[in-house]
Amino acid sequence: MVTPAATDGFQLYPIGATITWSYNYTSLLITPTAINVEAFCSRTQQYYTIANNYSVNERKIIWDTDKYQSSQTPQLAAETYTLLMYDSATQKTDVPVAGKLAIFRTFQFAMYTPRGNIPLNEYECPTCSTGSSIWDSHGLRVLMGTAMIAAISFAWFVHGVM
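Residues numbered from 1 in each chain as written. Predicted model: local features only at pLDDT ≥ 70, side-chain atom pairs only at ≥ 80, totals over all residues. Heavy atoms only, no water.

**Thoughts on the packing of aromatic side chains**
Point 1. What the rule picks out here adds up to 12 aromatic pairs.
Point 2. Note on Tyr-13 and Trp-21: the rings are 6.1 Å apart at their centroids and 80° apart in plane angle, and the pair reads as edge-to-face.
Point 3. Ring centres of Trp-21 and Phe-107 lie 6.1 Å apart, and the angle between their planes is 75°; this geometry places the pair in the edge-to-face category. Taken together, the residues Trp-21 in strand β2 (residues 18–22) and Phe-107 in strand β7 (residues 104–112) connect sequence positions 86 residues apart. Assigned by exposure class, Trp-21 and Phe-107 land together as buried.
Point 4. Ring pairing ties together the aromatic residues Tyr-13, Trp-21, Tyr-48, Trp-63, Tyr-68, Tyr-81, Phe-107 and Phe-109, which thus form one cluster. (Phe/Tyr/Trp six-rings, centres within 6.5 Å; stacked < 30°, edge-to-face > 60°. Helix = DSSP H or I, 4+ residues; strand = E, 2+ residues; numbered from the N terminus. Buried < 20%, exposed > 50% of the residue type's maximum accessible area, 1.4 Å probe, protein only.)

Written out as structure tokens, the structure is:
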């Protein structure tokens, strides 16, 4: 995989976007005539066909997920996927053969369903609370308890020495 590079981190794509991946072939003695490209979702146990019998002369794959959603089943889920690329003359379960294109399955990516923007005056923070007391903070209670134990222990130590 050339783009995205391994150093680019985990990739997250919105469902409905056009995704472009570029790749190259290395260490091939026998070049395949065509490849199949699929995305596999382990949660749904579904394979999503991106390209069948795709020319090996191409070094870029473009997947229009919006077009896919409107014309294919099963529908894409907001999940993590593994990209599969393999020789179209073989099965994805075949054992790799030296010099031939082995199945590529090391690139993982996630897809999500985009949502519209929420106006700031309508946003509700699920973890924020405007009516809480300073004593409701767990961290402050732990700090005060630790300080009291330290003070009592020090007083006991000082009193015991004298």
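There's more to say after this.
**Some remarks on the pattern of salt bridges**
Point 1. According to the stated counting rule, one finds two salt bridges in the structure shown.
Point 2. The partner of Glu-79 in a salt bridge is Arg-43, and the shortest N-O contact between them spans 2.5 Å. Taken together, the residues span a long stretch of sequence, with Glu-79 in the loop between α1 (65–71) and β6 (80–87) and Arg-43 in the loop between β3 (34–41) and β4 (46–55) at a distance of 36 residues.
Point 3. Residue Glu-79 is classed as partly exposed on the basis of its relative accessible area of 23%.
Point 4. For Arg-43, a relative accessible area of 55% gives the class exposed. (Salt bridge = Lys/Arg side-chain N within 4 Å of Asp/Glu carboxyl O.)

**Considering the nonpolar core**
Point 1. Judged by nonpolar contacts, the single largest core of 25 residues is most densely connected at Trp-21, Trp-63, Tyr-81 and Phe-109.
Point 2. Among the secondary structure elements, those contributing two or more residues to this core are β2, β3, β4, β5 (60–64), β6 and β7.
Point 3. Per-element accounting of this core gives the leading share, four residues, to β3.
Point 4. When near neighbours in sequence (up to four residues on either side) are disregarded, Trp-63 contacts Ala-17, Thr-18, Ile-19, Trp-21, Ala-39, Ile-50, Tyr-68, Leu-76, Phe-109 and Met-111. (Core = buried A, V, L, I, M, F, W, Y, C linked by side-chain atoms within 4.5 Å. Contact = heavy atoms within 4.5 Å.)

**Here's the deal with the layout of surface pockets**
Point 1. Here the largest pocket is characterised by a volume of approximately 280 Å³.
Point 2. As for the largest pocket, its lining consists of 14 residues, and the residues nearest its centre are Asn-24, Tyr-25, Leu-101, Ala-102 and Phe-104.
Point 3. Taken together, the residues that form the lining of the largest pocket break down as 10 nonpolar, three polar and one charged.
Point 4. The volume enclosed by the second largest pocket comes to roughly 150 Å³.
Point 5. In terms of residue class, the lining of the second largest pocket is built from seven nonpolar, two polar and four charged. (1 Å grid on protein atoms, 1.4 Å probe; cavity = no way out; pocket = protein on both sides within 12 Å on 5 of 7 lines; lining within 4 Å. Points joined across faces, edges and corners; volume = space filled by probe spheres on them. Nonpolar A, V, L, I, M, F, W, Y, C, P; charged D, E, K, R; others polar.)

**What about the pairing of β6?**
Point 1. Of all the eight residues making up β6, seven are buried; the element is thus mostly covered by neighbouring parts of the structure.
Point 2. In this structure, β3 lies alongside β6, joined through seven bridges in antiparallel fashion. Bridge pairing in β6 links Asn-36 to Tyr-86.
Point 3. Across five bridges, the pairing between β6 and β7 is antiparallel. Following the sheet pairing, Leu-83 is matched in β7 by Phe-107. (Pairing = 2+ DSSP bridges.)

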